[in-house]
Structure formats: C-alpha cells, structure tokens
Amino acid sequence: MANEYVYFTADQSAPYSDMVVVDGSLLFLSGLVSEDLITREEVYGDIAFETKTVLDNLKVLLERYGSDMDHIIRIEVLLKDFSEKGEMNAEYMKHFSAGHVPARLCYGGVDLAGQCRIEIAVIARKK
C-alpha cells in the first residue's frame, strides 16, 4: 500500500508533509506547535498553556484521521527551555488515560518557530 501524504492546509509549499499515513494504519505527524487550528496562527503563553493547546489540537487531528490519544505509540517533545519540563509534564499527563502513556523522547534547549516554547511530533495508529 502506498504512503498517503497529508497537508492540513491548501498551501503545500512547506518542505514536509503535515502527516504521512503508512499502510493505511500508522500516522506519522510532523511537529505541532501551539496554534489556532482555524487561523493557523501561533498562539503563545506559558508552557502549561502551550502544552495544553498542542495536545488539544493533537486530539482533534487524531480523531479527524481515525485515531485518538490512547492509540499514540510514541511522542517526541521539544522544549525551548528544558527547565520547564516539570510544568510541561504536569499538563501533559492530564491528556492521557491511565495505562496509555506512549513511549516518549523529551529534550530541550531547542530553537523553535517564532516564540513557541514546545513542539510535539507523534506516531500513532488508527483505531
């Protein structure tokens, strides 16, 4: 089965796909930052706000493509300031049900787009 390359907007000029669907069942989402899903404009706040925004958006996107938070296999979390990891983790854990916490890589000291404090990339499977 061929890979499906998905763009979340009509503008396909970016040097990457927003998501690649492999074998019709695995979803590889490119990094998500804190943004308004309607306007596609970045929204900024403290690390808890941005973490919540990214994970709320992730939930919407996963459901749109036949998955959910319980079907995430792996997450990569990039933090601008690694000292905010504790605050990020406190918000992050609110978005997962017990026993369904995905494998994760988290690192910091990363220059992110605009004033973003966090970026999250995900591998999930469809339900």
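For the structure itself, look to the data block above.
Calculation criteria
- Residues numbered from 1 in each chain as written.
- Predicted model: local features only at pLDDT ≥ 70, side-chain atom pairs only at ≥ 80, totals over all residues.
- Heavy atoms only, no water.
- Core = buried A, V, L, I, M, F, W, Y, C linked by side-chain atoms within 4.5 Å.
- Buried < 20%, exposed > 50% of the residue type's maximum accessible area, 1.4 Å probe, protein only.
- Helix = DSSP H or I, 4+ residues; strand = E, 2+ residues; numbered from the N terminus.
- Contact = heavy atoms within 4.5 Å.
- Phe/Tyr/Trp six-rings, centres within 6.5 Å; stacked < 30°, edge-to-face > 60°.
- Lys NZ or Arg CZ within 6 Å of the ring centre and 35° of its normal.

### So, the nonpolar core
L29, L58, I72 and V77 are the most contacted members of the largest nonpolar core, which has 26 residues in total. Of all the elements in the fold, those that place two or more residues in this core are β2 (19-22), β3 (26-32), α1 (47-64), β4 (72-79), α2 (85-92) and β6 (118-125). With sequence-adjacent residues up to four places away left out, V77 is seen in contact with M88, Y92, R104, L105, C106, Y107, I118, E119 and I120. Counting five residues, the second-largest nonpolar core is a separate cluster that includes V33, L78, L112 and C116.

### Comments concerning the packing of aromatic side chains
Ring pairs (aromatic) are described by centroid distance and by the angle formed between their planes. Within this structure, the stated rule accounts for two aromatic pairs. Measuring from ring centre to ring centre gives 6.0 Å for F8 and Y65, while their planes differ by 35°; the resulting arrangement is tilted. Within this pair, whereas F8 is found in the loop between β1 (4-6) and β2, its partner Y65 is found in the loop between α1 and β4, the two being separated by 57 residues in sequence. Classification of F8 by relative accessible area gives buried; the value is 16%. Since its relative accessible area comes to 24%, Y65 is described here as partly exposed. Note on Y92 and F96: the rings are 4.9 Å apart at their centroids and 45° apart in plane angle, and the pair reads as tilted. Across the pair, exposure class does not vary: Y92 and F96 are buried alike. The ring of Y92 has R104 sitting right over it, with the charged end atom 4.7 Å from the ring centre.

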